[in-house]
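# Descriptive analysis of the structure
Here's the letter readout for the chains.
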Amino acid sequence: MSHCILQIALDTPLDSLFDYRWACEPGSEPQVGQLALVNFGRREAVGLIVAVKHETDVPADKLKDAIAVRSQLSPLPERWIALARFAAAYYHRPLGEVALPGLPKNLRLSTTVALDRALKKLAKLPDAHDPMPTDMPVLNAAQRQAADAIGGALGFSPMLLYGVTGSGKTEVYLQACAQVLHRDDAAQILILVPEINLTPQLEANIRARFPGVMLATLHSSLSEGERMLHWLAAHTGRARIVLGTRLAILSSLPNLKMIVIDEEHDPSYKQQEGLRYSARDLAVWRARQLDIPIVLGSATPSLESWHHAQTGRYRRLELRERAVRDAVLPRVKLIDMERDKPKEGLTPTLMQALRLRIERGEQSLLFLNRRGYAPVLCCEACGWISNCTRCTAFMVLHRPERRLRCHHCSLETRIPHACPTCGNVDLQPLGRGTQRVEEGLQALFPQARILRIDADSTRRKGSAQEAFDTVHRGDVDILIGTQMVAKGHDFKRLTLVGVLNPDTALFSQDYRASERLFAQLMQVAGRAGRAGLESEVLIQSRYCQHPLYGAVMRHDYDRFAGSLLEERHQAALPPYMYQALLRAEAPELATAIEFLEAARDAMPSDAVVINDPIPMTMTRVHNVDRAQLLVESNSRPALQAFLTEWVEALRALKSRVRWSLEVDPLDI
Ligand code: ADP
Ligand code: ZN
Ligand code: ZN
């Protein structure tokens, strides 16, 4: 028996490539892309074979044998490995740390029981090979043009589908999919959506439209067994349509022929921990790699994508009108809270509008992006406020649950009976969250059916779906919710949207805050009047003259995006600048700052701007202080070249401070 050497990527934080020996006859070596079980340290781990060699630098007495090769699983395609390599290089992480977490957990177990079971199950699924869609609605001219452009595109063609809310973007995707599936009887299509609470409606639509096609879904609320089965369906090419959230961008799709990214502006395409990747950006890379079309859809595109469309890198497709006959965009009005004084957070104008909807049997939606009862509890006698003991943040009052909760470190306490400092028993909630608005509404409209949807009301698995079903069934008069209710949903009887308290975002330090607020308001406004009923959006504000609100009133994304881009250009901010952020965490702020100073001095450079370290806006979270250092360049290659060397220099500092590097950060 002779041997070969397997180079295996393992999920480890430092360099992740390790050599192992494997006994095999020449000609029957394992293949690149197969998974292998090995001993690593004191544990067994599953890794990815990235090279098969005959020599190694590892001394013979140190070289270990691999335990097993997962031969029942076909190798991950070379192009998939290339995607993982790109992501690893671009985000400056080891290959194994990118490639392996993207696989289902059940593939990474020491036993193959779960894998064998899933393969058996997959084999039993009936083959579905009929791409013929069921009755397709007749598209309007703009939709037709867009669907044909997408469905007919060949080669790498990035397209921005810019369509107002309710313009029927979904229908465009579906008809473009039909063309691709029809043309190529092995073609796979990947459809990404931002959040899981948006998938059921779309999933049902796809299933109904393509009954003869296998659909796989990939998102974080699947059980491990389901996830494995769906992943395998994609990997074996049997699933022709894969619908998933950002993690699905790393799925194995041997015959991928088109990518759709719905609501492409959504921040949840960016992973905010570990490998901080942008699924949207990786998708564009993957489309270029495979030389296939990709469509990015939104009513409020990200400035990055809009910029690409303006400069011609992306082809722009437009849907300027709503698709349903007689449906027009809602009228948007501002309510001046200085003149129209609110009670329970609601101005008389908004209350009157709610009353009218109840009388007419129509639905209303109140949007407040703040969950809990009140953001802070305070003592008016001595000035005590409910600070979190572990974070630079307030403990939020959750009255129904009788708790104070920190939304950053999850610390929970009972609501104190009296002020911890002075003993005053009359503690006051300050400000207003969704729970408090709900309570106010119940008092004001005792006869109305009121439903709150936010992260607290939908903790239990499946409860978000139940809640949305209740709204769709018409069993709700007033819906109150956070950004969970703002996006995607097609509520047919909704004719009033009220926006409470959007002003705070106008004055945020975060330069992306206005882009985000604008998108959020356009999205939530877009929930109204989708089925042709006359509808309006009322925004309560103390700054009615602000140009952002003016743009929302005119539904004028184009001009607003133009002015934001102009500002970004002047201020040398993305998309005119490329950024990376080095973060450091330590028990004491000074330690974190010292590390960042050392990092700054470790590698002077003329090609990039290295800013000074600063504490993060929310400095302390869970007893850890956090600071950051921003590196910028107007050239992406220059920034990347710098980062590659810098990461080595940072490792060489051998600091005990926890640090992480984020490329293209969204929050700085
Ligand atoms: P968007 O995603 O652009 O906000 P949707 O795809 O949810 O919009 O479509 C909005 C509504 O318009 C849906 O109820 C959909 O069924 C309907 N619709 C889409 N296209 C057409 C069409 N060509 N004719 C009639 N109704 C349509
Ligand atoms: Zn007090
Ligand atoms: Zn906290």
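Scanning the chain from terminus to terminus reveals 17 helices and 28 strands. Each principal axis of the C-alpha atoms in the chain carries an extent, and together these give about 85 × 65 × 50 Å. By the burial criterion, 55% of the 668 residues in the chain qualify as buried. Contacts in the chain between residues at least 24 apart in sequence constitute 75% of all its contacts with a sequence separation of at least 6. Summed over its atoms, the accessible surface of the chain is roughly 29400 Å², and 51% of this surface lies on carbon and sulfur atoms. If you average the places of the 81 positive and of the 77 negative side-chain charges in the chain, the two averages end up 4 Å apart.

The protein atoms donating to the zinc ion (ligand 3) are Cys388 (SG), Cys391 (SG), Cys406 (SG) and Cys409 (SG), with metal-donor distances spanning 2.3 Å. Here the zinc ion (ligand 3) is ringed by four donor atoms whose angles at the metal span 105 to 113 degrees, and the overall shape comes out tetrahedral. Each donor residue of the zinc ion (ligand 3) lies on one chain, and together they are spaced C-x2-C-x14-C-x2-C. Residue Cys391 is located in the loop between strand E15 (376–379) and strand E16 (396–398), and its partner Cys409 is located in the loop between strand E17 (403–405) and strand E18 (412–414); the two are separated by 18 residues in the primary sequence. The same class applies to Cys391 and to Cys409, which are both buried.

So, on to the packing of helix H13 (residues 513–525) against helix H15 (residues 557–570). Packing of H13 against H15 brings their axes to within 11 Å, and their N-to-C directions diverge by 170 degrees. Viewed along their axes, H13 and H15 adopt a mutual orientation that is roughly antiparallel. Along the contact surface, H13 presents Ser514, Glu515, Phe518 and Met522, while H15 presents Tyr557, Phe560, Leu564 and Arg568. Taken together, the residues of the contact of H13 with H15 break down into five nonpolar, one polar and two charged.

So, on to the site of ligand 1. Around ligand 1 lies a shell of 17 residues, among which Val138, Gln143, Gly166, Thr170 and Asp490 are the nearest. Here a nitrogen atom of ligand 1 sits 2.8 Å away from a polar atom, N or O, in the main chain of Val138. Gln143 places a side-chain nitrogen or oxygen 2.9 Å from a nitrogen atom of ligand 1. For ligand 1, whose free accessible area comes to 570 Å², the fraction covered by protein is 76%. Per-element tally for the shell around ligand 1: the top contributor is helix H5 (residues 169–183), with three residues. Considered class by class, the residues forming the shell around ligand 1 number five nonpolar, seven polar and five charged. Here the shell around ligand 1 spans two domains, since at least three of its residues come from each of domain 2 (141–319) and domain 3 (331–371 + 433–566).

Time to look at the domain arrangement of the chain. Along its sequence, the chain is organised into domain 1 (2–76), domain 2 (141–319), domain 3 (331–371 + 433–566) and domain 4 (578–663). Centre-to-centre, using C-alpha coordinates, domain 2 lies 28 Å away from domain 3. Summed over both sides, the interface between domain 2 and domain 3 buries roughly 1900 Å², with carbon and sulfur atoms accounting for 53% of that surface. Our count for the domain 2 to domain 3 interface comes out at one salt bridge. Ionic pairing is found between Glu304 and Arg512, a salt bridge with its closest N-O pair at 3.2 Å. Joining domain 2 to domain 3, the criterion identifies seven residue pairs in polar contact (both at pLDDT 80 or more). If one sorts the elements of the side of domain 2 that touches domain 3 by residue count, helix H9 (residues 303–310) sits on top with four residues. Class assignment of the residues belonging to the side of domain 2 that touches domain 3 gives a composition of eight nonpolar, nine polar and four charged.

At the junction of Pro574 and Pro575, the peptide bond is cis and its omega measures out at 5 degrees in the coordinates. Relative to the helices and strands, Pro575 is located in the loop between H15 and strand E24 (578–586). For Glu263, which is not glycine, the phi dihedral falls at a positive 50 degrees. The residue Glu263 is located in the loop between strand E10 (256–261) and helix H8 (279–290) in this model. Accessibility expressed as a relative area gives 8% for Glu263, which makes it buried.

Protein-derived coordination of the zinc ion (ligand 2) comes from Cys379 (SG), Cys382 (SG), Cys419 (SG) and Cys422 (SG), at a distance range of 2.3 to 2.4 Å. Counting along the primary sequence, the residues that act as donors to the zinc ion (ligand 2) give the motif C-x2-C-x36-C-x2-C. For Cys419, a relative accessible area of 4% puts it in the buried group.

Spatial ordering of the open sheet is given by E2-E1-E4-E3-E5, a layout of five strands whose pairing is antiparallel. A single partner strand is all that each edge strand has here, and the edge strands are strand E2 (17–23) and strand E5 (68–69).

It is worth spelling out helix H4 (residues 141–152) at this point. In an α-helix, one full turn covers 3.6 residues, which means residues spaced three or four apart are oriented alike. The terminal C-alpha atoms of H4 lie 16 Å apart, and with 12 residues this matches the ideal 16 Å at 1.5 Å per residue to within 8%. Looking at H4, one finds that the buried residues are Gln143, Ala146, Ala147, Ala149, Ile150 and Gly151. Elements in contact with the buried residues of H4: strand E6 (157–163), H5, E10, strand E11 (293–298) and strand E12 (315–319).

On to helix H16 (residues 589–602). Taking 1.5 Å of rise per residue, the 14 residues of H16 would be expected to cover 20 Å, and the 20 Å separating its terminal C-alpha atoms lies within 8% of that figure. All of the buried residues along H16 are Ala592, Ile593, Phe595, Leu596 and Ala599. An end-on view of H16 places all buried positions within 160 degrees of arc, on one side of the element. Across from the buried face of H16, at angles greater than 90 degrees, the exposed residues are Glu594 and Asp601. Tucked inside the fold, the buried residues of H16 contact E24, strand E26 (614–621), strand E27 (624–633), helix H17 (636–652) and strand E28 (658–663).

Moving on, we come to the sheet that holds strand E21 (residues 478–481). One open sheet accounts for six strands, arranged E13-E23-E22-E14-E21-E20; its pairing is parallel. Where the open sheet ends on each side, the last strands, each with one partner, are strand E13 (331–336) and strand E20 (450–453). Here the strands of the sheet are splayed against their neighbours by 20 degrees on average, with no regard to which way each runs. As defined by bridge partners, E20 adjoins E21 across four bridges and the pair is classed as parallel. In the strand pairing of E21, Ile453 is matched with Gly481.

Calculation rules
- Residues numbered from 1 in each chain as written.
- Chains lettered and ligands numbered in written order.
- Predicted model: local features only at pLDDT ≥ 70, side-chain atom pairs only at ≥ 80, totals over all residues.
- Heavy atoms only, no water.
- Helix = DSSP H or I, 4+ residues; strand = E, 2+ residues; numbered from the N terminus.
- Buried < 20%, exposed > 50% of the residue type's maximum accessible area, 1.4 Å probe, protein only.
- Contact = heavy atoms within 4.5 Å.
- Areas by Shrake-Rupley, 256 points an atom, 1.4 Å probe, with all protein chains shown as cover.
- Lys, Arg positive; Asp, Glu negative; His and termini not counted.
- Charge placed at Lys NZ, Arg CZ, Asp CG, Glu CD.
- Donors = N, O, S within 2.8 Å, 3.2 Å for Na, K, Ca; no water.
- Tetrahedral: all angles 85-135°; square planar, octahedral: opposite > 155°, others 65-115°.
- Axes fitted to C-alpha atoms, helices over the stretch in contact; angles between N-to-C directions.
- Parallel < 35°, antiparallel > 145°, perpendicular 65-115°, else oblique.
- Nonpolar A, V, L, I, M, F, W, Y, C, P; charged D, E, K, R; others polar.
- Near = heavy atom within 4 Å.
- Polar contact = N/O pair within 3.5 Å; in protein donor to acceptor, adjacent residues only side chain to side chain.
- Domains from an automatic or database assignment.
- Buried area = accessible area lost by both parts, 1.4 Å probe.
- Salt bridge = Lys/Arg side-chain N within 4 Å of Asp/Glu carboxyl O.
- Pairing = 2+ DSSP bridges.
- Expected span 1.5 Å × (residues − 1).
- Arc of directions from axis to C-beta.

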